[in-house]
Amino acid sequence: MAAKTPAPPPSPVAQFETSLDELEQLVQKMEKGDMSLDQSLAAYERGVSLYRQCQGALEQAELRVRLLTDPAEPDSAQPFQPDAG
């Protein structure tokens, strides 16, 4: 019987929504003000970690879009400007 190979961990881009949801829930808990100082510090540390994960996921998503836009020159991609009307 062949051994199963573990599935690769999901990419940060795939985990973005999960991390963002957890961060929003954490903020709501902290805003209630019912946490002890120790709990607040732990929540703050977790929030910073989640924020960094989200930021990294957004940076990777931006890079993927740039590569898809112009694989030869990804740095030439321009930021998206929605129509004003």
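If you're wondering where the values come from, they're calculated on a predicted model, not measured in any experiment.

## Some words on the overall build of the protein
Thought 1: Helix and strand counts for the protein come out as two helices and zero strands.
Thought 2: For the protein, with 85 residues in total, the buried portion stands at 11%.
Thought 3: Contacts spanning at least 24 positions in sequence make up 58% of the contacts within the protein whose residues lie at least 6 apart.
Thought 4: In the form shown here, the protein has an accessible surface area of approximately 7,500 Å², with 56% of it arising from carbon and sulfur atoms.

## A closer look at the pattern of salt bridges
Thought 1: Under the defined criterion, the tally for this structure stands at two salt bridges.
Thought 2: A salt bridge links Glu22 to Arg46; the shortest N-O distance between them is 2.9 Å. Separated by 24 residues along the polypeptide, Glu22 in helix α1 (residues 16-32) and Arg46 in helix α2 (residues 37-69) bring together distant segments of the chain.
Thought 3: Given a relative accessible area of 31%, Glu22 falls into the partly exposed group.

## Things to note about α2
Thought 1: With 33 residues, α2 ought to run about 48 Å at 1.5 Å a step, and its terminal C-alpha atoms sit 47 Å apart, in line with that.
Thought 2: Considered for burial, the residues of α2 that qualify are Ala43, Gly47, Leu50, Cys54 and Ala57.
Thought 3: The elements touched by buried residues of α2 are α1.

## Points about α1
Thought 1: The end-to-end C-alpha separation of α1 is 25 Å, in line with the 24 Å expected for 17 residues at 1.5 Å each.
Thought 2: Among the residues of α1, Ser19, Leu23 and Leu26 are the ones counted as buried. The buried residues of α1 occupy an angular sector of 65 degrees when projected down its axis, which confines them to one face. Facing away from the buried surface of α1 by more than 90 degrees, the exposed residues are Glu17, Thr18, Gln28, Glu31 and Lys32.

The rules we used
Residues numbered from 1 in each chain as written. Predicted model: local features only at pLDDT ≥ 70, side-chain atom pairs only at ≥ 80, totals over all residues. Heavy atoms only, no water. Helix = DSSP H or I, 4+ residues; strand = E, 2+ residues; numbered from the N terminus. Buried < 20%, exposed > 50% of the residue type's maximum accessible area, 1.4 Å probe, protein only. Contact = heavy atoms within 4.5 Å. Areas by Shrake-Rupley, 256 points an atom, 1.4 Å probe, with all protein chains shown as cover. Salt bridge = Lys/Arg side-chain N within 4 Å of Asp/Glu carboxyl O. Expected span 1.5 Å × (residues − 1). Arc of directions from axis to C-beta.

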